[in-house]
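Report on the structure
Here are the chains, one letter per residue:
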Amino acid sequence: MSKLYTGAEIVFKCLEDQEVEYIFGYPGGAVLPIYDELKNHSSIKHILVRHEQGAGHAAEGYARSSGKPGVVLVTSGPGATNVVTALTDAYMDSIPLVCISGQVPTHLIGTDAFQECDTTGITRPCTKHNWLVKDIKELPKVMHEAFKVATTGRPGPVLIDIPKDIQFAKTNYTKFKKEKKLNGKIHNKFSENEINQLIDLISKAKKPVVYTGGGVINSGPQASETLKEFVRLIGFPITSTLQGLGAFPGDDNQFIGMLGMHGTYEANNAMHDCDLLINIGARFDDRITGKIDEFSPKSKKVHIDIDPSSINKIIKVDLAIVGDVNEVIKSAIKKINKKQNGLKDSNKQRISKWWEQIQKWRTKDSLGFINSDKEIKPQHAVKRLYELTKNQDTFITTEVGQHQMWAAQHYKFNKPNRWMTSGGLGTMGYGLPAAVGVQIAHPDKLVIDIAGEASVLMTIQEMSTAVQYNLPIKIFILNNQYMGMVRQWQELLHEKNYSESYSEALPDFVKLAEAYGCKGIKADNPDELDDKIKEMLDYKGPVIFDCHVDPNENCFPMIPSGKPHNQMILGPNDKEENKITGKGKSLV
Amino acid sequence: MSSPKSAYSIPTKKGKLDTHIFVVWVDNESGVLARVVGLFSGRGYNIESLAVAEVDATKNISRITIVTTGTPQVIDQIKLQLKKLVPVHKVADFKREDKKVIFKEMALLKIVAKKKKIEKCLKECKKFNPVILDKTNKSVVVQITALRREIDKMSKKLKPYGLTSTSRTGAIAMTRGADTFK
Ligand SMILES: Cc1ncc(C[n+]2csc(CCOP(=O)(O)OP(=O)(O)O)c2C)c(N)n1
Ligand SMILES: [Mg+2]
């Protein structure tokens, strides 16, 4: 008879066979057998976080920056409920996570036992799938299936709930061989005919725009290369969602900036006026579309996505191509090169007027702001941070708020997997633990969390994790003493009633940094900003940088979401500023 | 519309609602019904009726029949979202008007009344394959099979004759002819 292994051993055997190197976790009674087994598996390193939400976000940061699934280990009850925010975040942004949770022994399930909760019930709507393993014989299969579900098709989080008695129970294990091409529930059967239709539309459009999203990043680094080739070949302007930044070089002339609620004037106007819109791996999110009825009214719409349920969910499209982004655009390139060699030149002519129009929009300089020599403007801070770090391979995470939008607008990304931000769920407290996970995946790279002072306090305890594992993450706080994004809405929509959005009693972030055993730096004068940023970059360990910025700055441009794309509010530089009135108020 | 200062977009005008019957083949495992029903409640889809039972004991397959209403766009979404669930094998979707599909619902009706009234009831039920399952001198339990709206009508009609209790299965469906849904 073959050797029998305990459930805890099986967990690690599976993780080893899945080539997992790191687990982000926090122990507790219901997972102790698994923690006990940890010492016997030297290829797997456990990163002890300070809150289970931090474990989840760290695993997300790890996954987004490395392309590998993030693994999380938590105990039953409060351990599991604490990770729910991170699972939901990963679900919304399609990040592959495998979360293992302990559960009370099977015979106690349903008795309101100590630290029991219905974990699979709670996490059902925020995972792609979850399992409660009640039979040890199921465990190996479930573990491997979990990795498959998390990483194939449109990626996402999964959870495996393992009762404590199952962790002790024994069964045999046969070595698992990873399939080369996993197919699971993925859809990659687009037809040649669809590619032909796409090329036909491309060769006729006079005012085209390519709109890309996180799907390009999820399709793997190769997809970004293919995208570059494709966009250069067809010569179209390209815009990106928040999640898609980095798939196409941010400093390239064909890139017209991010689109959507805080997107550029040129990107949003191009979306509105175009006659062909090619959506690649994005999902027509409501922060992107603005008013649905007036969304890109004159265009033929193409949607390329791996998730069939994303097609026609919000915006009806004329051509849907369901498949892996990389595969689809690769075959489009092939076809163009084979059949339509002249396309590049004919396109150039056909859309030259359109490019002229886009240049005109560009002169609005919609990301412009009035700089100051007395106060640090937050946009200026991000710009300086970019200038001083652009020569290194830098990874940026963010929290949620104005600082997040300024980071997206003013930091230029040239490669995929370098930008980690919570888009779908908009989770304050995401950036710091995500930076921990990114630094774990890339120990020698520069990792910066562009943070807000309110957000960062939600998961500040993960500084301890950074210190424990010598992770030199840089927390760059744009400290405006406000929940700035809330304050901005209140200013524009609620008659300046700044209800509860002032950050009263903020900690001294320099002292806080020191209390955690890392370096604190404070800057409140534009003259000293560069030197202080350099000081931060030169320091080998983790840093909290308290950058005091103008508390009253607003984030522009902005489409109040009741409005279509061509009715944006521009910044203070713009004379004919639109005011938000009536119906628009309900829409932000 | 909610308060004018609440978040997000104003709902645009609703399209025409159609009634559809979804037949979903799933692994008969714990939690699978919760996944399907949770999908409907979580995304705000409506469930008019629901019928579920295992249909293949060796392969552990259950067949779930759900009657729902929605705009064409919503119906499309329901189908695509259902297909994404891991334990779901296949999803069929029929319009209620579809002539190629048989829809049936079973009901048990308990009538407590004098003999004469009971007889009248049974006569009314004649069209719907009545089977008398239980009879005393003041009551009868009768089983009928019919369309949902026919049973609705019957319930209303029989109330004055002493219908005291109704139990219904929800609609189930099957295609006509030799073909099966692949
Ligand atoms: C967990 C969570 N709670 C509440 C919100 C709503 N919210 C969005 S932005 C924001 C303010 C963030 O303030 P800060 O981190 O200081 O960033 P700023 O906008 O000032 O740059 C709030 C409260 C949220 N996104 N996430
Ligand atoms: Mg702030």
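Residues numbered from 1 in each chain as written. Chains lettered and ligands numbered in written order. Predicted model: local features only at pLDDT ≥ 70, side-chain atom pairs only at ≥ 80, totals over all residues. Heavy atoms only, no water.

1. What about the nonpolar core?
Residue and element names in this part refer to chain A. Formed by 92 residues in total, the largest nonpolar core has its most connected members in Phe 230, Ile 280, Phe 476 and Met 536. Residues contacting Ile 280, with those up to four places away along its chain left out, are Val 210, Tyr 211, Thr 212, Gly 213, Val 216, Leu 227, Phe 230, Ile 304, Val 325 and Ile 329. Grouped together as the second largest cluster of nonpolar side chains are 44 residues, Val 74, Ala 90, Phe 395 and Val 447 included. (Core = buried A, V, L, I, M, F, W, Y, C linked by side-chain atoms within 4.5 Å. Buried < 20%, exposed > 50% of the residue type's maximum accessible area, 1.4 Å probe, protein only. Contact = heavy atoms within 4.5 Å.)

2. Remarks on the site of ligand 1
Residue and element names in this part refer to chain A. Neighbouring ligand 1 are 17 residues, the closest being Gln 402, Gly 426, Ser 455, Tyr 482 and Gly 484. One of the backbone N or O atoms of Gly 426 is found 2.8 Å from a nitrogen atom in ligand 1. Between ligand 1 and the protein, one listed contact pairs an oxygen atom with a backbone N or O atom of Met 485 at 2.9 Å. Among the secondary structure elements, those contributing two or more residues to the shell around ligand 1 are helix H18 (402-410), helix H20 (453-456) and helix H22 (484-493). For the shell around ligand 1, the class distribution of residues is eight nonpolar, eight polar and one charged. (Near = heavy atom within 4 Å. Polar contact = N/O pair within 3.5 Å; in protein donor to acceptor, adjacent residues only side chain to side chain. Helix = DSSP H or I, 4+ residues; strand = E, 2+ residues; numbered from the N terminus. Nonpolar A, V, L, I, M, F, W, Y, C, P; charged D, E, K, R; others polar.)

3. With respect to the packing of helix H1 (residues 7-17) of chain A against helix H7 (residues 139-151) of chain A
The relative placement of two packed helices comes down to the angle between their axes together with the axis-to-axis distance. Residue and element names in this part refer to chain A. Running from N to C, H1 and H7 cross one another at 35°; their axes reach a closest spacing of 10 Å. When the axes of H1 and H7 are compared, the crossing they make is right-handed. Taking contact as the criterion, the partners of Gly 7, Ile 10, Val 11, Cys 14, Leu 15 and Asp 17 in H1 are, on H7, Leu 139, Pro 140, Met 143, His 144 and Phe 147. For the contact of H1 with H7, a count of residues per class yields eight nonpolar, two polar and one charged. (Axes fitted to C-alpha atoms, helices over the stretch in contact; angles between N-to-C directions. Left-handed = near helix turned anticlockwise from the far one by under 90°.)

4. Digging into the coordination of the magnesium ion (ligand 2)
All names here are of chain A. Here the magnesium ion (ligand 2) is held by Glu 453 (OE), Glu 453 (OE), Asn 480 (OD1) and Tyr 482 (O), and the distances to it run 2.0 to 2.6 Å. Between consecutive donor residues of the magnesium ion (ligand 2), the sequence gaps follow E-x26-N-x1-Y. Within this pair, whereas Glu 453 is found in helix H20, its partner Tyr 482 is found in the loop between strand S18 (474-479) and H22, the two being separated by 29 residues in sequence. (Donors = N, O, S within 2.8 Å, 3.2 Å for Na, K, Ca; no water.)

5. Let's talk about the pattern of salt bridges
Per the stated rule, a full pass over the model turns up 36 salt bridges over all chains. For Lys 68 of chain A, the salt bridge goes to Glu 21 of chain A, with nearest N and O atoms at 3.1 Å. Of this pair, Lys 68 of chain A sits in the loop between helix H3 (52-66) and strand S4 (70-74) while Glu 21 of chain A sits in the loop between H1 and strand S2 (22-25); the two residues are 47 residues apart in sequence, bridging distant segments of the chain. When salt bridges with common partners are traced through the structure, they connect Glu 48, Arg 96, Glu 105, Arg 148, Asp 152 and Arg 168 of chain B into a single cluster. (Salt bridge = Lys/Arg side-chain N within 4 Å of Asp/Glu carboxyl O.)

6. As for the confidence of the model for chain B
A residue-level look at chain B finds 93% of positions with pLDDT of 70 or above and a mean pLDDT of 92. Quick note on the complex model: pTM equals 0.95, ipTM equals 0.90. (pLDDT = per-residue confidence, 0-100.)

7. Some thoughts on the packing of aromatic side chains
The description of an aromatic ring pair rests on the distance of the ring centres and on the angle between the ring planes. Tallying each qualifying case throughout the model produces 14 aromatic pairs over all chains. Residues Tyr 211 of chain A and Phe 284 of chain A carry aromatic rings whose centres are separated by 5.6 Å and whose planes lie at 65° to one another, so their mutual orientation is edge-to-face. On the criterion of sequence distance, the pair formed by Tyr 211 of chain A in strand S9 (residues 208-212) and Phe 284 of chain A in the loop between strand S12 (276-280) and helix H13 (286-289) is long-range, its members being 73 residues apart. The exposure classification of Tyr 211 of chain A matches that of Phe 284 of chain A, with both residues buried. With 5.8 Å between their ring centres and 5° between their planes, Trp 25 of chain B and Phe 181 of chain B make a pair best called stacked. One end of the pair, Trp 25 of chain B, is in strand S1 (residues 18-27); the other, Phe 181 of chain B, is in the segment after strand S9 (172-175), with 156 residues separating them in the sequence. A residue is classified by how much of its surface remains accessible, and Phe 181 of chain B, at 32% relative accessible area, is partly exposed. (Phe/Tyr/Trp six-rings, centres within 6.5 Å; stacked < 30°, edge-to-face > 60°.)

8. Focus on the sheet that holds strand S17 (residues 446-452) of chain A
Residues and elements named next belong to chain A. Spatially, the six strands line up as an open sheet ordered S16-S15-S17-S18-S20-S19, and their pairing is parallel. In this open sheet, the two edge strands, each paired with only one partner strand, are strand S16 (419-420) and strand S19 (519-523). Two strands pair when backbone bridges link them, and strand S15 (residues 394-398) and S17 are joined in this way by five bridges, in the parallel orientation. In the strand pairing of S17, Ile 396 is matched with Ile 448. The sheet strands contacting helix H23 (residues 509-516) are S18, S19 and strand S20 (543-548), and the helix crosses S19 at an angle near 170°. (Pairing = 2+ DSSP bridges.)

9. Description of the sheet that holds strand S3 (residues 61-70) of chain B
Residues and elements named next belong to chain B. Read across the sheet, four strands follow the order S2-S3-S1-S4 without closing on themselves; strand pairing throughout is antiparallel. Here the strands that pair on one side only, and so sit at the sheet edges, are strand S2 (49-56) and strand S4 (88-95). Neighbour-to-neighbour, the strand axes of this sheet turn through a mean angle of 20°, independent of strand direction. Where S2 lies against S3, seven bridges are found, and the strand directions are antiparallel.

10. What about the pairing of S3 of chain B?
All names here are of chain B. Burial runs high along S3: ten of the ten residues are buried. Where burial is concerned, the two faces of S3 agree: the one with Ile 61, Arg 63, Thr 65, Val 67 and Thr 69 and the one with Ser 62, Ile 64, Ile 66, Thr 68 and Gly 70 are both buried. The pairing of S1 with S3 spans ten bridges and is classified as antiparallel. The residue of S3 that forms the bridge with Asp 18 is Gly 70. As consecutive antiparallel partners, S2 and S3 are separated by four residues, and within that stretch Asn 60 has a phi angle of approximately 60°, a positive value.

11. Observations regarding helix H2 (residues 72-84) of chain B
Residue and element names in this part refer to chain B. Taking 1.5 Å as the rise per residue, H2 with 13 residues should run 18 Å; its terminal C-alpha atoms sit 19 Å apart, in good agreement. Within the sequence span of H2, burial applies to Ile 75, Gln 77, Ile 78, Leu 80, Gln 81 and Leu 82. Packing partners of the buried residues in H2 comprise S1, helix H1 (32-42), S3 and S4. (Expected span 1.5 Å × (residues − 1).)

12. Some remarks on unusual backbone geometry
Residues and elements named next belong to chain A. Across the junction of Phe 556 and Pro 557, the peptide omega takes the value -5°, indicating a cis bond. Turning to its location among the elements, Pro 557 is positioned in the segment after S20. Here the phi dihedral of Phe 284 falls at roughly 50°; this positive angle occurs in a residue that is not glycine. Although it is not a glycine, Asn 470 sits at a positive phi angle of roughly 55°. Relative to the elements of secondary structure, Asn 470 occurs in the loop between helix H21 (462-468) and S18.

13. Things to note about the pairing of S12 of chain A
Residue and element names in this part refer to chain A. Of all five residues in S12, five are buried; the element is thus mostly enclosed. Side-chain alternation along S12 places Leu 276, Ile 278 and Ile 280 on one buried face and Leu 277 and Asn 279 on a second face that is also buried. Pairing between S12 and strand S13 (residues 300-305): five bridges, direction parallel. Across the sheet, Leu 276 pairs through a bridge with Lys 300, a residue of S13.

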